Amino acid sequence: MSQIGNEIKDFTVQAFQNNEIKTISKADTLGKWSLFFFYPADFTFVCPTELEDLAENYAKFQEIGAEIYSVSCDTEFVHKAWHDESESISKVTYPMLADPAHVLARNFGVLIEEAGQAERGAFIVDPEGIIQVEMVTAGGIGRNADELLRLLQAAQFVAQYGDQVCPAKWQPGAKTLKPGLDLVGRL
């Protein structure tokens, strides 16, 4: 079942960020755009490549007023250990949310119950807490920070200019479309 248009549920979890353990709640995410980036587990294979890609692009997300929250069902202590041991994960400065009770994975609909892990889900949430983009891939398929950034920029554009939409491959500054009868059959 699609999560698009749903408001994220209340949550309070622990997170590892900048060598500190902190508490993150739904209230902390409101008022800005958010990318909730679920992955199966720390100390795995595809996951560090994705988190490193996001880390290398983190400033671009921050420049457009967005926060990245990586999420796995590991604890904040496992996140710290991974951060300390992995060259790739040592680059991560965005919050790494701990979800050992599966609250977030269940709320976003990506919990693999029998494994106690999350699917590879990415959710772009607007400042009001409404899910605008949902992407879930199979476990062996890594995601791309550039595409997630583009999707976030498109969601921001559509939120700002509700009478226009972003076509395939749209980038900021490119031509948009204004839906109407004059476009029917002409594209």
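Residues numbered from 1 in each chain as written. Predicted model: local features only at pLDDT ≥ 70, side-chain atom pairs only at ≥ 80, totals over all residues. Heavy atoms only, no water.

- In the nomenclature of an unreviewed UniProt entry, the protein is known as Alkyl hydroperoxide reductase C of Lancefieldella rimae.
- UniProt annotates the protein under Catalytic activity (unreviewed entry) with the comment "a hydroperoxide + NADH + H(+) = an alcohol + NAD(+) + H2O".
- According to its UniProt record, the protein has this under Sequence similarities (unreviewed entry): "Belongs to the peroxiredoxin family. AhpC/Prx1 subfamily." (UniProt positions renumbered as here; feature names shortened; annotations may be inferred.)

**Observations concerning the overall build of the protein**
Then, in step 1: Helix and strand counts for the protein stand at 5 helices and 9 strands.
Then, in step 2: Going from N to C terminus, the protein has its helices and strands arranged as β-β-α-β-α-β-α-β-α-β-β-β-β-α.
Then, in step 3: Computed over the C-alpha atoms, the radius of gyration of the protein is 17 Å, within 12% of the 16 Å expected from 2.2 N^0.38 for a compact globule of 187 residues.
Then, in step 4: C-alpha extents for the protein along the principal axes are approximately 55 × 30 × 30 Å.
Then, in step 5: When burial is assessed residue by residue, the protein has 47% of its 187 residues classed as buried.
Then, in step 6: Within the protein, residue pairs in contact and separated by at least 24 positions form 63% of the contacts whose partners lie at least 6 positions apart.
Then, in step 7: Entry remark: accessible area of the protein is about 9400 Å², with carbon and sulfur atoms responsible for 52%. (Helix = DSSP H or I, 4+ residues; strand = E, 2+ residues; numbered from the N terminus. Rg over C-alpha atoms; globule rule 2.2 N^0.38 Å. Buried < 20%, exposed > 50% of the residue type's maximum accessible area, 1.4 Å probe, protein only. Contact = heavy atoms within 4.5 Å. Areas by Shrake-Rupley, 256 points an atom, 1.4 Å probe, with all protein chains shown as cover.)

**Topic: the pairing of strand 8 (residues 120-125)**
Put simply, side chains in a regular strand alternate between the two faces of the sheet.
Then, in step 1: Within strand 8, 6 of the 6 residues are buried, which leaves it mostly tucked inside the rest of the structure.
Then, in step 2: Across the two faces of strand 8 the burial is the same, with Arg120, Ala122 and Ile124 and Gly121, Phe123 and Val125 all buried.
Then, in step 3: As paired elements, strand 3 (residues 33-38) and strand 8 share 4 bridges and run antiparallel to each other. Its bridge partner being in strand 8, serine 34 is matched across the sheet by valine 125. (Pairing = 2+ DSSP bridges.)

**Notes on helix 3 (residues 76-85)**
Then, in step 1: Buried within helix 3 we find Glu76, His79, Trp82 and His83. Down the axis of helix 3, the sector holding all buried residues measures 120 degrees, keeping them to one side. In helix 3, the exposed residues that point more than 90 degrees away from the buried face are Phe77 and Glu85.
Then, in step 2: Looking at the buried positions of helix 3, the neighbouring elements they touch are strand 1 (12-17), strand 2 (20-25), helix 2 (46-63), strand 4 (66-72) and strand 5 (96-98). (Arc of directions from axis to C-beta.)

**Quick notes on the environment of alanine 55**
Then, in step 1: Along the polypeptide, alanine 55 turns up in helix 2.
Then, in step 2: For the pair alanine 55 and valine 92, spaced 37 residues apart in the sequence, the C-alpha separation amounts to 5.0 Å.

**What to know about the environment of glutamine 171**
Then, in step 1: Inspection of the secondary structure assignment puts glutamine 171 in the segment after helix 5 (145-160).
Then, in step 2: Residue glutamine 171 is classed as partly exposed on the basis of its relative accessible area of 40%.

**Considerations on the side chain of serine 86**
Then, in step 1: One can find serine 86 in the loop between helix 3 and strand 5.
Then, in step 2: Of note is the side chain of serine 86, whose polar atom sits 3.3 Å from the backbone nitrogen of serine 88. (Polar contact = N/O pair within 3.5 Å; in protein donor to acceptor, adjacent residues only side chain to side chain.)

**As for helix 5**
Then, in step 1: The end-to-end C-alpha separation of helix 5 is 22 Å, in line with the 22 Å expected for 16 residues at 1.5 Å each.
Then, in step 2: Residues of helix 5 that are buried make contact with strand 3, helix 2, strand 4, strand 8 and strand 9 (131-137). (Expected span 1.5 Å × (residues − 1).)

**Brief notes about the pattern of salt bridges**
Then, in step 1: Applying the stated rule across the entire model yields 9 salt bridges.
Then, in step 2: Between glutamate 113 and arginine 106 there is a salt bridge whose closest N-O contact spans 3.4 Å.
Then, in step 3: Look at glutamate 113 and you get exposed, because its relative accessible area is 53%.
Then, in step 4: We classify arginine 106 as partly exposed; its relative accessible area is 43%. (Salt bridge = Lys/Arg side-chain N within 4 Å of Asp/Glu carboxyl O.)

**Notes on the packing of helix 2 against helix 5**
Then, in step 1: It is at 9 Å that the axes of helix 2 and helix 5 come closest, and there the two elements cross at 30 degrees. As judged from the angle between their axes, helix 2 and helix 5 are roughly parallel. Like other packed secondary-structure pairs, helix 2 and helix 5 cross with a definite hand, here right-handed. Residues Asp53, Leu54, Asn57, Lys60 and Phe61 of helix 2 touch helix 5, and the partners they reach there are Ala145, Asp146, Leu148, Leu149 and Leu152.
Then, in step 2: Of the residues assigned to the contact of helix 2 with helix 5, the class counts are 6 nonpolar, 1 polar and 3 charged. (Axes fitted to C-alpha atoms, helices over the stretch in contact; angles between N-to-C directions. Parallel < 35°, antiparallel > 145°, perpendicular 65-115°, else oblique. Left-handed = near helix turned anticlockwise from the far one by under 90°. Nonpolar A, V, L, I, M, F, W, Y, C, P; charged D, E, K, R; others polar.)

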